[in-house]
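Geometric and topological summary
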Amino acid sequence: MIPTFSYPAPATWAGLQQRAATAETATVAGRVRRIFEQVQQQGDQALRALALELDGASLTALQVSPAEFDEAVAVVPAALQAAIRQAYANIKAFHAAQNQPEPVVETMPGVRCWRRAVPVQRVGLYIPGGTAPLFSTLLMLGVPARLAGCPEVVVCSPPQADGRISPVILFVARLLGIDQVVKAGGAQAIAALALGTDTVPAVDKIFGPGNRYVTAAKQLAAAEYGVGIDLPAGPSEVLVIADATANAAFVAADLLSQAEHGADSQVVLLTDSAPLLDRVQAELQTQLATLPRQEVAAQALAASRAILLRDADQMLTYSNQYAPEHLILAVAEPETLAARVTNAGSVFLGHLTPEAVGDYASGTNHTLPTGGYARQYSGVSLDSFVKKITFQTLSRTGLQQLGPVVEAMAEAEGLAAHARAVSIRRAQLGEAGQESAGSSFSLEQLIRPSLRQMQPYSSARDEFEGLAPVMLDANENSLASVGGADFRRYPDPQQRAIKQALAQLKQVSADQIFLGNGSDEAIDLLLRLSCTPGQDAIVLCPPTYGMYEVAARLNDVRVERLPLTPDFQLPADAARLLAGSRAKVLFLCSPNNPTGNLLAREAMEDILNSFNGLVVVDEAYADYADAPSWITRLHEFPNLVVLQTFSKAWGLAGLRLGVAYAAPALISYLNIIKPPYNISASTQQLALQALADAPRLAALLAATLRERTWLSEQLAALPLIEHVFPSDANFLLVRVRTDATAVYQQLQQYGIVVRNRSTQPGCAGCLRITVGTAEENRQVVAALQQIGEVKPAVPEPATFPSEYKN
Ligand SMILES: *Cc1c(COP(=O)(O)O)cnc(C)c1O
């Protein structure tokens, strides 16, 4: 029976709302402090000693071994595994949706600010074990930790007396891909996570519930060791608001499900129906008798309250004052009440929604604020595992506009150095002279009107990550297989795995990445997205890569030209000229093909600031150049697209995989217009392998750069060669002294194919030679040597490999 209070005066509510005092005793604090000292001095040794003393477990290795994982997974019943998988999927879906990319906000012209979520680097999850191993807590903490991308996740859980960890906990850890599980419980586990031992790495933030000792240890870790903790923990609570429509048996079951947690659990029933209250009390009697943990539950009930109030308003006011961890609205119209909830950890609406579903499997997190902390704290979520770092950058315009504001405020606060940090920069800008008007790029304007509202082709795979046991959505042929390889399925249309790996590698977020069937597809789609056929134009800076113009012709898009200077740089007035252009897209290739040089960064920056269309910086060769990628500047320029490719430095031209990096809003448009499955399964597979093998790229690069130096020196020394242009790419542009086309044809007779670029503007007499293998480079040098000798001799019959590719 719950003690009942009928229509208490509001003035007396505060007394009723008092939680049982949980003031932690001095003995607990003292004991915890001694445990910290012991762990600090003896490390793992202390963990073993305390496991023996407190858990009765004699341990050698503290870390759970792969064999223990295997054994554990084998003994978890299939039905429980299936239930856990369903809960996992729900929790993952709910928490994944919390990852909302935030826009870059231009607070004033030229003042851009944004936020990026960066995972807490090292997190420790404490999972209580013993009689009731809380594997559900591991799901609730592990899922958001993985989604947030925390690089190091350590789980501590107390060993059973036989020295093992509960098999279900290990099953869940494996499901989550967590392999660091340490057999340590209680305050000593928290001490180890805060201080670090040989086995347990010190972490930045500790999560998880526990008894008084664990709670006191977390507080000590936070107060004295600079470790973050999830929430102030206390006994669990539920408050049920029930009206005359409530089912007394359901309400009683909910109250008991909380009461069985512990004798100190708080259970509160508010109702405006005296008959319901009587029925609930009777139900409690009946149901309690059949509970295995009835003693615990009865104690909790005796310290709890059932309160009869006048109406819904009073019940809601009471509940908001109490700020329960769990709030159940067992009323006819729960939505109306829910809208007025101001303090609660998690709310359960309607007669069919028990708290238990949120405890395990609906998707919401069960780690929630107790003890009235729901007034100011939220429960654990994806946000608990990240820091949101703010970034900002000012262009010249930004500094000019914001500078006076900051100067005025800094001077008024008497902080002269603050004011000077601004004025010293503005003074220099003044000297630098006139300022560009600034780009007025707008993505909405850029997109072809007919595509602005377009719906993408959608497949069921866009909504479903991974493969279900039975996939009957795409008319694939489930009977086929090729040479042992399994290509029956359409590939992931969103290429999530590659994007994730690339995001890591390039330090961008996955929604800034578009993958094309070669950069060529990205080029084509960028044109199709922005240019109305027969109407719009793009700008090229010749000599440059030929595909830009081909793509324009294919799409019936006009080409405007802004030729490079004789030394292959952007003309000095490029930014000014382009500021007045109505063209939709400008292509800048840097390092440029076929000239091999990087374009000057300042000139590119001025153009990005002045051109109103998209600026596509093609970095197909960027890996060979000793200059930072423009990817690092994406946040500054909403009109910037950076193209890279797996075809060059990665040595994977056969994969046909190109990458466009840009603002998420632009990328999502590309995803709408792309062919649904544009990256083949085999390409995805191999690209992932390559991405996992960073040393391979470094080795390839080093070898090519060595060869480029050698080839460049050799060619420069040949009489036939007038000039070897400096190169930041994996090819060399050379000017020959005789007719370039003739030399090009003569080389073919040696079985050597190079690229004749002599008809390109500014490239008269020029051939483009790719840096090949040492042997290939030796051959091209030898051939050019011979061709350069006075009488071109008839060469030996060509002996070249049967599979010859250019
Ligand atoms: C080779 C090259 C590419 C690569 O295109 P893919 O379609 O990715 O192979 C892109 N841009 C330039 C300038 C190139 O030279």
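The rules behind the values
The residue numbering used here restarts from 1 in each chain and proceeds along that chain's sequence as written. Side-chain atom pairs in this predicted model are given and counted only at pLDDT of 80 or more, local residue features only at pLDDT of at least 70, and totals for whole chains, interfaces and linings cover all residues. Excluded from the side-chain calculations are hydrogens and water; all other atoms, namely the structure's heavy atoms, are used. Both cavities and pockets are sets of points on a 1 Å grid over the protein atoms alone; in a cavity a 1.4 Å probe fits but cannot get out, in a pocket the set is open with protein on both sides within 12 Å along at least five of seven lines, and lining residues sit with an atom within 4 Å of a point. Grid points are joined across faces, edges and corners, and a volume is the space filled by probe spheres set on the points. Counting from the N terminus, the helices are DSSP H or I runs at least four residues long and the strands are E runs at least two residues long. Amino acids are sorted into nonpolar (Ala, Val, Leu, Ile, Met, Phe, Trp, Tyr, Cys and Pro), charged (Asp, Glu, Lys and Arg) and polar (every other residue, Gly among them). Relative accessibility decides the category of a residue: with a 1.4 Å probe and only protein chains considered, values under 20% of the type maximum give buried, values over 50% give exposed, and everything between is partly exposed. Start and end positions for the domains come from either an automated domain assignment or a database one. Any two strands between which DSSP finds at least two bridges are classified as paired. Being near a molecule or strand, for a residue, means having at least one of its heavy atoms within 4 Å of it. Throughout this description, a polar contact denotes any pair of N or O atoms lying within 3.5 Å of each other; where both atoms belong to protein, one of them has to be capable of donating a hydrogen while the other can accept it, and for residues adjacent in sequence the pair is counted only when both atoms sit in side chains. Working definition of accessibility: Shrake-Rupley area with a 1.4 Å probe, residue cover restricted to the visible protein chains. Every axis corresponds to a line fitted to the C-alpha atoms, with the helix fit spanning only the stretch in contact, and the corresponding angles, defined between N-to-C directions, vary from 0 to 180 degrees. Between two residues, a contact is recorded if the distance between any of their heavy atoms is within 4.5 Å. UniProt positions are given in the numbering used here, feature names are shortened, and annotations may be inferred rather than shown by experiment. The set of buried Ala, Val, Leu, Ile, Met, Phe, Trp, Tyr and Cys residues whose side-chain atoms join them within 4.5 Å is what this entry labels a nonpolar core. Any residue with relative accessible area above 30% and no salt bridge may belong to a patch, with like charges joined within 9 Å and the nonpolar Val, Leu, Ile, Met, Phe, Trp and Tyr side chains within 5 Å. What counts as a salt bridge is simple: a side-chain nitrogen of Lys or Arg found within 4 Å of a carboxyl oxygen of Asp or Glu. In this description, a disulfide is simply a cysteine sulfur pair whose atoms lie within 2.5 Å. Small angles under 35 degrees read as roughly parallel and large ones over 145 as roughly antiparallel, with 65 to 115 read as roughly perpendicular and the rest as oblique. The sense of a crossing depends on the near helix, which, turned anticlockwise from the far helix by less than a right angle, makes the crossing left-handed and, turned clockwise, makes it right-handed. An arc is given here, and it is the one of the directions from the helix axis to the C-beta atoms.

Counting across every chain of the model gives four cavities of 30 Å³ or more. Estimated volume of the largest cavity: approximately 40 Å³. In terms of lining, the largest cavity is formed by Leu502, Lys506, Gln644, Thr645, Phe646, Trp650, Val659 and Tyr661. When residues of the lining of the largest cavity are traced back to their parent elements, those giving at least two are α20 (496-506), β20 (640-645) and β21 (658-661). Taken together, the residues that form the lining of the largest cavity break down as five nonpolar, two polar and one charged.

Burial analysis of helix α8 (residues 186-195) places nine of its 10 residues in the buried class, which makes it a mostly covered element. Looking at α8, one finds that the buried residues are Gly186, Ala187, Gln188, Ala189, Ile190, Ala191, Ala192, Leu193 and Ala194. One or two residues past the end of α8 sits Gly196, with phi positive at roughly 85°.

Another point: the domain arrangement of the protein chain. The domain boundaries assigned to the protein chain delineate domain 1 (4-19 + 235-363), domain 2 (29-229), domain 3 (395-438), domain 4 (489-693) and domain 5 (697-804). The C-alpha centroid of domain 3 is placed 59 Å from the C-alpha centroid of domain 1.

A few words on the sheet that holds strand β5 (residues 152-157). Across the sheet, which stays open at both edges, the five strands sit in the order β6-β5-β4-β7-β8 with parallel pairing between neighbours. What marks the edges here is a single partner per strand, and that holds for β6 (181-183) and β8 (228-229). The pairing of strand β7 (residues 205-207) with β8 spans two bridges and is classified as parallel. Each bridged residue has a counterpart across the sheet, and for Lys205 the counterpart in β8 is Gly228.

Another point: the environment of Pro101. Structurally, the position occupied by Pro101 is in the loop between α5 (78-96) and β2 (105-108). Each C-alpha atom of the pair Pro101 and Arg115 lies 8.9 Å from the other, and the pair is 14 residues apart in sequence.

By nearness alone, 14 residues border the ligand, and Ser519, Asp618, Tyr621, Ser647 and Lys648 come closest of all. In the environment of the ligand, an oxygen atom lies 3.1 Å from a nitrogen or oxygen atom belonging to the backbone of Asp520. Within the complex, 94% of the 390 Å² of free accessible area of the ligand lies under protein. Split into classes, the residues belonging to the shell around the ligand amount to five nonpolar, five polar and four charged.

Taken in spatial order, the three strands make up an open sheet running β2-β3-β14, and their pairing is antiparallel. Each edge of the open sheet is held by one strand with a lone partner, namely β2 and β14 (386-394). Taken over all neighbouring pairs, the strand axes of this sheet differ in orientation by 30° on average, direction set aside. Across nine bridges, the pairing between strand β3 (residues 111-119) and β14 is antiparallel. Bridge pairing in β14 places Ala117 opposite Lys388. Here helix α16 (residues 396-412) sits on the sheet in contact with β2, β3 and β14, set at roughly 95° to β14.

Attention now moves to the UniProt feature "active site" (unreviewed entry) in the protein chain. This chain's UniProt record puts "active site" (unreviewed entry) on Glu325 and His326. Secondary-structure assignment places Glu325 in the loop between α13 (312-322) and β12 (326-330). On the accessibility criterion, Glu325 (6% relative accessible area) is buried. With near-sequence residues (within four places) excluded, Glu325 lies in contact with Ser236, Glu237, Ala344, Gly345, Ser346, His366, Leu368, Pro369 and Thr370.

This part is about the nonpolar core. Ranked by size, the top nonpolar core spans 55 residues in total, and within it Leu502, Leu570, Leu586, Ile607, Phe646 and Tyr661 carry the most contacts. When residues of this core are assigned to domains, at least three map to each of domain 4 (489-693) and domain 5 (697-804). Apart from the residues within four sequence positions on either side, Leu586 is in contact with Val539, Cys541, Leu578, Ile607, Phe611, Leu614, Val615 and Val616. Listed in part, the 39 residues of the second largest apolar core include Tyr88, Val120, Val380 and Phe385.

The next thing to look at is a nonpolar patch on the surface. A cluster of nonpolar side chains, contributed by Val405, Val406 and Met409, occupies part of the molecular surface with about 250 Å² of accessible area. For Val405, the position within the fold is in helix α16. Residue classification places Val405 among the partly exposed residues on the basis of a relative accessible area of 38%.

Summed over all chains, the structure comprises zero disulfides. A disulfide-free cysteine, Cys766 has its sulfur positioned 5.1 Å from the sulfur of Cys763, the nearest such atom.

Topologically, Tyr126 is positioned in strand β4 (residues 122-126). A relative accessible area of 4% means that Tyr126 is categorised as buried. Taking the C-alpha atoms as reference, Tyr126 lies 6.0 Å from Val155; in sequence the two are 29 residues apart. Residues contacting Tyr126, with those up to four places away along its chain left out, are Cys156, Pro158, Ala184, Gly185, Gly186, Ala189, Ile190, Phe207, Gly208, Pro209, Gly210 and Val214. Among the polar contacts made by the side chain of Tyr126, one reaches the main-chain amide nitrogen of Gly186 at a distance of 2.7 Å.

On to the pairing of strand β23 (residues 731-736). Most of β23 sits out of view: five of its six residues are buried. Pairing analysis gives three bridges linking strand β22 (residues 721-724) to β23, with the strands arranged antiparallel. What sits directly across from Ile721, in β23, is Val736. Here β22 folds back onto β23, and the loop between the two strands holds six residues. Relative to strand β25 (residues 766-770), β23 runs antiparallel, the two being bridged by five bridges. Directly across from Leu732, in β25, lies its bridge partner Ile769.

Orientation of helix α21 (residues 519-530) relative to helix α22 (residues 547-554), taken along the N-to-C sense of each, is 45°, at an axis distance of 9 Å. In terms of axis orientation, α21 runs oblique to α22. Considering the relative orientation of α21 and α22, their crossing is right-handed. Residues Asp520, Ile523, Asp524 and Leu527 of α21 touch α22, and the partners they reach there are Met547, Tyr548, Ala551 and Ala552. Taken together, the residues that form the contact of α21 with α22 break down as six nonpolar, no polar and two charged.

This paragraph deals with the side chain of Ser236. Within the element layout of this structure, Ser236 appears in the loop between β8 and β9 (237-242). For Ser236, a relative accessible area of 17% corresponds to the buried category. Within polar-contact distance, the side chain of Ser236 engages the side chain of Glu325 at 2.9 Å. Among residues more than four places away in sequence, those in contact with Ser236 are Gln258, His261, Ser265, Gln266, Glu325, His326 and Thr370.

Taken together, the buried positions of α20 are occupied by Ile498, Lys499, Leu502 and Ala503. End-on view of α20: buried residues confined to an arc of 135°, all on one side of the axis. Among the exposed residues of α20, those oriented more than 90 degrees off its buried face are Gln500 and Gln504. Close packing links the buried residues of α20 with β15 (513-516), β21, α25 (664-673) and α26 (681-691). Residue Gln507 follows α20 closely and has a positive phi angle near 60°.

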